[in-house]
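Coordinate analysis (summary)
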Amino acid sequence: MIIAVDGPAAAGKGTIARALAQHFSYHHLDTGTLYRRVGLELLKSDGDIHDSKIAAAIARNLHSYAYLDYELRTEAVGAAASIVASIPEVRSALLDYQRSFAEQEPGAVLDGRDIGTVVCPDADVKLFITASPEVRAKRRLAELQANGADVTFEAVLQDIRQRDDRDQNRAVAPLRPAADAVIIDTSELAADGAIAAAIKAASLAG
Ligand code: DC
């Protein structure tokens, strides 16, 4: 059983994917972490973030790089992840790992941008989680401020819009709902409402 959870940054897909995995006792993979790890290594190496050769080499050897969870969650690393994610060689280097993760028994929930369209086009359940850019920026701001970051709403909103633009308009595996995805708009939903809607949709579709 494979559940694909896609959507733009800060729409709530991580919260929903974790809750689905817990509800059905499935494995969970946040695929954004893989791209964030490549971005983080590039930033640490002081290399050119657009250098596709170095980025692909890092992606192919990702298991050999140590990292700390909190390092991955910064806005700088999120932006770097979005840049390296547009490099086709990086995407293909990460594909096998994601596909074998998805094949685990009794099931797996993967969240990202292209799970229902490219990584697991035959997933049993496909959800596309979205919300308005303003709502997403508000949520991301609260998260960043809780971690002590000194950022403004405008800066976070601008970052969200830039990321949407990059993720939706790249040539390879752009962010878009699969034709057979159930769309859940969380703009007006609190976390429990969004989780309940996702569990219902997954139970009906799966
Ligand atoms: O979900 P996130 O914010 O952690 O993702 C960081 C970036 O990684 C995102 O802007 C685009 C990229 N990404 C991707 O291209 N494909 C995925 N399946 C997951 C993330």
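Whatever comes next refers back to the structure up there.
Notes on the structure follow. (Residues numbered from 1 in each chain as written. Predicted model: local features only at pLDDT ≥ 70, side-chain atom pairs only at ≥ 80, totals over all residues. Heavy atoms only, no water.)

Moving on, we come to the sheet that holds strand 5 (residues 182-185). What the five strands build is an open sheet, ordered 2-3-1-4-5; its pairing is parallel. In this open sheet, the two strands that pair with only one neighbour each are strand 2 (27-30) and strand 5. Averaged over all pairs of adjacent strands, the angle between their axes in this sheet comes to 20°, without regard to strand direction. Relative to strand 4 (residues 125-130), strand 1 (residues 2-6) runs parallel, the two sharing four bridges. From the neighbouring strand, V5 faces strand 4, where its bridge partner is L127. (Pairing = 2+ DSSP bridges. Helix = DSSP H or I, 4+ residues; strand = E, 2+ residues; numbered from the N terminus. Axes fitted to C-alpha atoms, helices over the stretch in contact; angles between N-to-C directions.)

The next subject is empty space enclosed by the protein. Under the defined criterion, the tally for this structure stands at one cavity of 30 Å³ or more. Each pocket or cavity is described by its volume, and for the largest cavity that value is around 30 Å³. Sorting the residues of the lining of the largest cavity by element identifies helix 7 (115-119) and strand 4 as the ones contributing at least two each. No other element matches the three residues that strand 4 contributes to the lining of the largest cavity. For the lining of the largest cavity, the per-class residue count stands at five nonpolar, two polar and three charged. (1 Å grid on protein atoms, 1.4 Å probe; cavity = no way out; pocket = protein on both sides within 12 Å on 5 of 7 lines; lining within 4 Å. Points joined across faces, edges and corners; volume = space filled by probe spheres on them. Nonpolar A, V, L, I, M, F, W, Y, C, P; charged D, E, K, R; others polar.)

The next subject is unusual backbone geometry. Here the amide bond leading from E105 into P106 is cis, since omega sits at 0°, within 30 degrees of zero. Tracing the backbone through its elements, the reader meets P106 in the loop between helix 6 (88-102) and strand 3 (108-112). Of note in the backbone geometry, S25 takes a positive phi value of approximately 55° without being a glycine. Mapped onto the fold, S25 is located in the loop between helix 1 (13-24) and strand 2. Despite not being glycine, A173 has its phi angle at roughly 45°, a positive value. Looking at where A173 falls in the secondary structure, it is placed in the loop between helix 9 (153-169) and strand 5.

Here we take up the environment of D185. Inspection of the secondary structure puts D185 in strand 5. On a C-alpha basis, the gap between D185 and F128 in space is 8.3 Å, while along the polypeptide they are 57 residues apart. Once residues lying within four places of it in the same chain are set aside, the contact partners of D185 are T130 and A131. Separated by 2.6 Å, the side chains of D185 and S187 make a polar contact. (Contact = heavy atoms within 4.5 Å. Polar contact = N/O pair within 3.5 Å; in protein donor to acceptor, adjacent residues only side chain to side chain.)

This next bit is on the pattern of salt bridges. Applying the stated criterion across every chain yields a total of eleven salt bridges. A salt bridge links D167 to R170; the nearest nitrogen and oxygen atoms lie 3.8 Å apart. For the pair D167 and R170, a shared accessibility class is recorded, and that class is buried. Linked by salt bridges that have partners in common, E41, K44 and E71 make up one network. (Salt bridge = Lys/Arg side-chain N within 4 Å of Asp/Glu carboxyl O. Buried < 20%, exposed > 50% of the residue type's maximum accessible area, 1.4 Å probe, protein only.)

Further remarks concern the packing of aromatic side chains. Counted according to the given criterion, the structure contains two aromatic pairs. Here F24 and Y26 contribute two aromatic rings whose centre-to-centre distance is 5.5 Å and whose plane-to-plane angle is 20°, an arrangement assigned as stacked. Overall, F24 belongs to the partly exposed group, its relative accessible area being 23%. We classify Y26 as buried; its relative accessible area is 18%. On the basis of an interplanar angle of 55° and a centroid distance of 6.5 Å, the ring pair of Y97 and F101 is categorised as tilted. (Phe/Tyr/Trp six-rings, centres within 6.5 Å; stacked < 30°, edge-to-face > 60°.)

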